[in-house]
Amino acid sequence: MTNPVKVLIIDDEAMLRASFRDYFEDEGSVVLEASNGAEGVELCLKERPDLVLTDLRMPVMDGFGVIEQLKKATPEIPIIVVSGQGTTSDVIAAVRMGAWDYVTKPVLKLEELSLVVERVLERARLIQDNTAYRKRLEQLLDDNSVYQEHLEELVHKRTEQLKEAASKYKIVADHTYSWEFWSAPEGHFIYSSPSCFRITGHTADEFTRNPTLLHELIHPDDQAEFRSHRHCSQHEHQPGTLEFRIVRPDGTPRWIHHDCQPVFDGQGRFLGTRGSNRDITKRKLAQEALLKSEKRLAAIFDFLPDATWAIDKESRVIAWNKACQELTGVPAEQMLGKSGYCYAVPFYGSPRPMLIDFALNPSADLLAPYLNAYSNFAIENGNITAESAGLLLTEGRYLWWKATRLYDSDGQVAGAIESVRDITELQLAKEAAIASSRAKSAFLATMSHELRTPLNAIIGFSDLIRIRGCGEINDCQEEYLGYILESSKHLLALINDILDLSKVESGKMELTLSDIDIHALITGSLIIIKKHAEQQGITIRSVFAERLPKVIRGDELRIKQILFNLLSNAVKFTPGGGSVTVSACTVMAESLQAAPHHQELQPGRYLLLSVTDTGIGIKNEDIQRIFEPFEQSDNSSTRQHEGTGLGLSLSKMLARLHGGTIWVTPNPEGAGSIFYLAIPV
């Protein structure tokens, strides 16, 4: 059984060592590692590996020192130099000192490393065989008779071995994916691997017969550069790299990556050039497509209507569009490449974190000192939005911000982007509308007496006549008086709702706080609605959780008003045979994530009342709208259920006055809805 190859990797780059280690271990080799030359030499002398890979530039002792010491102590151990691109002089020096071969960083394809390793190990094995053969030959010379008997046999055997080794070399070269070649000092091809046909459309024999064939295939625009490259590589005794185009017989172009290494004998005579050509057409086309795509994206980004900029992972500005230049007056060339929160200066007058920085590094400590500069701050699906709390820029503008992370094709964070929109006109219009609405609400709240007094008179005198307090009336008159009373009471309820709504909006609604018995509150509300529910064949239920507090602090009249409104709606929109269930329990604020404005709720315990019905339910698109004034789930002129659309809007405002909230969800058990009311305990 063949012993595994022991490989020593000497490099100060841990990632490169790990990459090589994984490759050699996958090949069944035993891997040793050293992070500098001194450590590598010590480990090599101790473990005697079969192969050494060493970097040239390392701390403590560089690769040249490693080669010098190992060639003295262990000349039989082959050394491969791992060199960065552009350090060809170092490679030549290393080879002259005793390195057997080299590979170039970065090693993009491990197949290339595999070829070099196989070549070096085969050479080492041949040298070992030759050494053993030489020792054996010397022994045979000491014993002439034995030597004479076996000389012919050994020569024949060795000749066959050399032929076999040469055959192996040719097999390896013939089956490489790249086009491997060896050219004579005069320029003609001594050897060309079969892969040349796949790349160029011409066979190896064609290249051997025609020394100028490669030059003829090179694209006219690249021929001058190729001639200059050939001249430099041959006369400067340095390896070379070039990318150029060829034109195949069918007229299609191909991009070629060309590596070549001039070869010299021990006396410095030029023996020819060893090289490799790879087809990189797909990579080039991908690069061109990527460049075009980047240009298109840059154009789109530059013409976005909102002022927009982007930063990379190091918070350097990588984009600053035209709208940003127009809004801030800062040209892109003064901002691109800058860091240190420089993009905040045009807005705030000094560098400071903004939403884009919080998007890149979401730390509460980063933005907390500056949150007072924003209003309506929100985070949803990774998008951060906010409005400026005051006027910004020299012209005094209200701004709307939005920021989010940027990711690369591997899903890794690549940076962040922020856009800003001038909402000054919208904000001023909004403030004017709010002022107008408050003036209207203040007017209605003040006019409550003037609106209620005549209506109360109509209700009072109509009721007096109906009960015959002013004399007898006939049946027709009594029926008409009933209509007057019903319509007047409906109108009074409407006026009361409008006035309550106006008071809340104008800030004139004051709560009368007291201790409220929870059981009595719910039971009393159910008594009021129960008779109407029974007339429609609707079942009323109540469910109280264990350990429910006896009382809460609030305005009993207003909380009862909210609960009665929710119960009335549930009964009104539930068909006969259905049910309405009132439940009560206590929860912590953290469990109210589904509630709107939950981030505004104070920490602590809340009384959670729910009203569940089996009625017609509410469409998802109507869930937010029904809490707006004069809005109903069905606003059509043919709707089947009466109502002003003020009840839920007023209930929402009263709940928030108590420091709570109200919301609705579909009933998960079937038809109907569930309305929730949360009040602090």
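Above: the structure in question.
On a predicted model such as this, the values are computed, not experimentally measured, just so you know.

Here is what the cut-offs are and how they apply
- Residues numbered from 1 in each chain as written.
- Predicted model: local features only at pLDDT ≥ 70, side-chain atom pairs only at ≥ 80, totals over all residues.
- Heavy atoms only, no water.
- Helix = DSSP H or I, 4+ residues; strand = E, 2+ residues; numbered from the N terminus.
- Buried < 20%, exposed > 50% of the residue type's maximum accessible area, 1.4 Å probe, protein only.
- Contact = heavy atoms within 4.5 Å.
- Areas by Shrake-Rupley, 256 points an atom, 1.4 Å probe, with all protein chains shown as cover.
- Patch = residues over 30% accessible without salt bridge, like charges linked within 9 Å, V, L, I, M, F, W, Y side chains within 5 Å.
- Salt bridge = Lys/Arg side-chain N within 4 Å of Asp/Glu carboxyl O.
- Lys, Arg positive; Asp, Glu negative; His and termini not counted.
- Charge placed at Lys NZ, Arg CZ, Asp CG, Glu CD.
- Core = buried A, V, L, I, M, F, W, Y, C linked by side-chain atoms within 4.5 Å.
- Axes fitted to C-alpha atoms, helices over the stretch in contact; angles between N-to-C directions.
- Left-handed = near helix turned anticlockwise from the far one by under 90°.
- Nonpolar A, V, L, I, M, F, W, Y, C, P; charged D, E, K, R; others polar.
- Pairing = 2+ DSSP bridges.
- Phe/Tyr/Trp six-rings, centres within 6.5 Å; stacked < 30°, edge-to-face > 60°.
- Parallel < 35°, antiparallel > 145°, perpendicular 65-115°, else oblique.

Colleague: What should I look at first to understand the overall build of the protein in this one?
Modeller: Looking only at helices and strands, the protein features 21 helices and 23 strands. Among the 681 residues that make up the protein, the fraction classed as buried is 40%. Intrachain contacts of the protein at a sequence separation of at least 6 include 55% that bridge at least 24 residues. For the protein, the exposed area adds up to about 37,700 Å²; of that, 54% sits on carbon and sulfur atoms.

Colleague: I keep staring at a negative patch on the surface and nothing clicks. Help me out?
Modeller: A cluster of acidic residues, D22, E25, D26, E27 and E118, forms a negative patch at the surface. For the negative patch, the element with the highest residue contribution is helix 1 (residues 14-26), accounting for three residues.

Colleague: So what exactly am I meant to see when it comes to the nonpolar core here?
Modeller: Looking at soluble globular proteins, one finds that nonpolar side chains tend to be buried together. In terms of nonpolar packing, the biggest core is built from 38 residues, with I522, L567, V580, V611 and F675 touching the most fellow members. Per-element tally for this core: the top contributor is helix 20 (residues 556-572), with seven residues. If we ignore the near neighbours within four places in the chain, the residues touching V580 are I538, T539, I540, R541, L567, A570, V571, T574, V611, T612 and D613. With 32 residues, the next largest nonpolar core counts A332, F358, I384 and V420 among its residues.

Colleague: For this particular structure, what's the right way to read the packing of helix 20 against helix 21 (residues 647-657)?
Modeller: Two measures define how a pair of helices packs: the angle their axes make with one another and the distance between the axes. Taken N-terminus to C-terminus, the directions of helix 20 and helix 21 make an angle of 145 degrees; their axes are 10 Å apart at the nearest point. The chirality of how helix 20 crosses helix 21 is left-handed. Touching R558, Q561, I562, N565, L566 and N569 of helix 20 are G647, L648, L650, S651, L654 and A655, all from helix 21. Its residues assigned to classes, the contact of helix 20 with helix 21 shows six nonpolar, five polar and one charged.

Colleague: Even after reading the chapter, I still don't get unusual backbone geometry, so can you show me in this structure?
Modeller: Generally, phi is negative for residues other than glycine and the peptide bonds are trans, each holding for most cases. Positive phi values are uncommon outside glycine, yet S315 reaches one of about 65 degrees. Structurally, the position occupied by S315 is in the loop between strand 11 (307-312) and strand 12 (317-320). Judged by relative accessible area, which is 17%, S315 ranks as buried. One non-glycine residue with positive phi stands out, namely N376, at about 55 degrees. Tracing the sequence through the fold places N376 in strand 13 (residues 374-380).

Colleague: Would you take a moment to explain the pairing of strand 20 (residues 579-588) for this structure?
Modeller: Remember that side chains alternate between the two faces of the sheet whenever the strand is regular. Strand direction decides the pairing type here: strand 18 (residues 539-544) and strand 20, joined by six bridges, are parallel. In the sheet register, T539 faces strand 20, and the bridge partner there is S579. Where strand 20 lies against strand 21 (residues 605-613), nine bridges are found, and the strand directions are antiparallel. When the sheet's bridge partners are listed, M588 is paired in strand 21 with R605.

Colleague: Please explain the sheet that holds strand 22 (residues 661-666) as it appears in this structure.
Modeller: Hydrogen bonds between backbone groups are what pair the strands of a sheet, and the pairing can be parallel or antiparallel. In space, the five strands of this open sheet follow the order 18-20-21-23-22, with mixed pairing throughout. Each edge of the open sheet is held by one strand with a lone partner, namely strand 18 and strand 22. This sheet shows a mean twist of 20 degrees between the axes of neighbouring strands, independent of strand direction. Of the strands in this sheet, strand 18, strand 20, strand 21, strand 22 and strand 23 (673-680) touch helix 20, which is tilted by about 25 degrees from strand 21. Sheet strands touched by helix 21: strand 22 and strand 23. Its angle to strand 22, the strand with the most contacts, is close to 130 degrees.

Colleague: Would you mind going over a nonpolar patch on the surface with me for this structure?
Modeller: The grouping of L297, I300 and L304 at the surface amounts to a nonpolar patch, some 280 Å² of accessible area in total. Here L297 lies in helix 11 (residues 281-302). Classification of L297 as exposed rests on a relative accessible area of 54%.

Colleague: Even after reading the chapter, I still don't get helix 4 (residues 88-97), so can you show me in this structure?
Modeller: Every α-helix winds through 3.6 residues per turn, so residues three or four apart in the chain are directed the same way. Considered for burial, the residues of helix 4 that qualify are D90, V91, I92 and A94. On its buried face, helix 4 is in contact with helix 3 (63-73), strand 4 (79-84) and strand 5 (101-105). Looking one or two residues past helix 4, G98 carries a phi angle of roughly 135 degrees, positive in sign.

Colleague: What exactly am I supposed to notice about the packing of aromatic side chains here?
Modeller: Centre distance and the angle of the planes are the two values used to describe a pair of aromatic rings. All chains considered together, the criterion is met by 16 aromatic pairs. When the centroid spacing of 5.5 Å and the interplanar angle of 45 degrees are considered together, the rings of F264 and F270 count as tilted. Judged by its relative accessible area of 24%, F270 is partly exposed. Measuring from ring centre to ring centre gives 6.4 Å for Y374 and W401, while their planes differ by 85 degrees; the resulting arrangement is edge-to-face. With a gap of 27 residues between them, Y374 in strand 13 and W401 in strand 15 (residues 399-407) connect regions that are remote in the sequence. Residue Y374 is classed as buried on the basis of its relative accessible area, which comes to 7%.

Colleague: Could you clarify how one ought to interpret the environment of W182 in this entry?
Modeller: One can find W182 in strand 6 (residues 179-183). As a C-alpha pair, W182 and T273 span 91 residues in sequence and 5.7 Å in three-dimensional space. Those residues in contact with W182, other than ones at most four positions away along the chain, are H188, F189, I190, Y191, V263, L271, T273 and R274.

Colleague: Where do I start with the side chain of S651 in this structure?
Modeller: Counting through the fold element by element, S651 comes out in helix 21. Here S651 is in contact with I562, N565 and I662, once residues within four sequence places are set aside.

Colleague: What's the story with the packing of helix 3 against helix 4 in this structure? I'm lost.
Modeller: Running from N to C, helix 3 and helix 4 cross one another at 10 degrees; their axes reach a closest spacing of 10 Å. In terms of orientation, helix 3 lies roughly parallel with respect to helix 4. Along its contact with helix 3, which presents F64, I67, E68 and K71, the element helix 4 presents D90, A93, A94 and M97.

Colleague: Just to check I follow, could you spell out the sheet that holds strand 2 (residues 30-34) for this structure?
Modeller: Taken in spatial order, the five strands line up as 2-1-3-4-5 in an open sheet, and their pairing is parallel. In this open sheet, the two strands that pair with only one neighbour each are strand 2 and strand 5. Ignoring which end each strand starts from, the neighbouring axes of this sheet average 20 degrees apart. Pairing between strand 1 (residues 6-10) and strand 3 (residues 51-55): four bridges, direction parallel. Opposite V7, over in strand 3, you have L51 as the bridge partner. Packed onto the sheet, helix 1 meets strand 1, strand 2, strand 3, strand 4 and strand 5 and runs at close to 170 degrees relative to strand 2.

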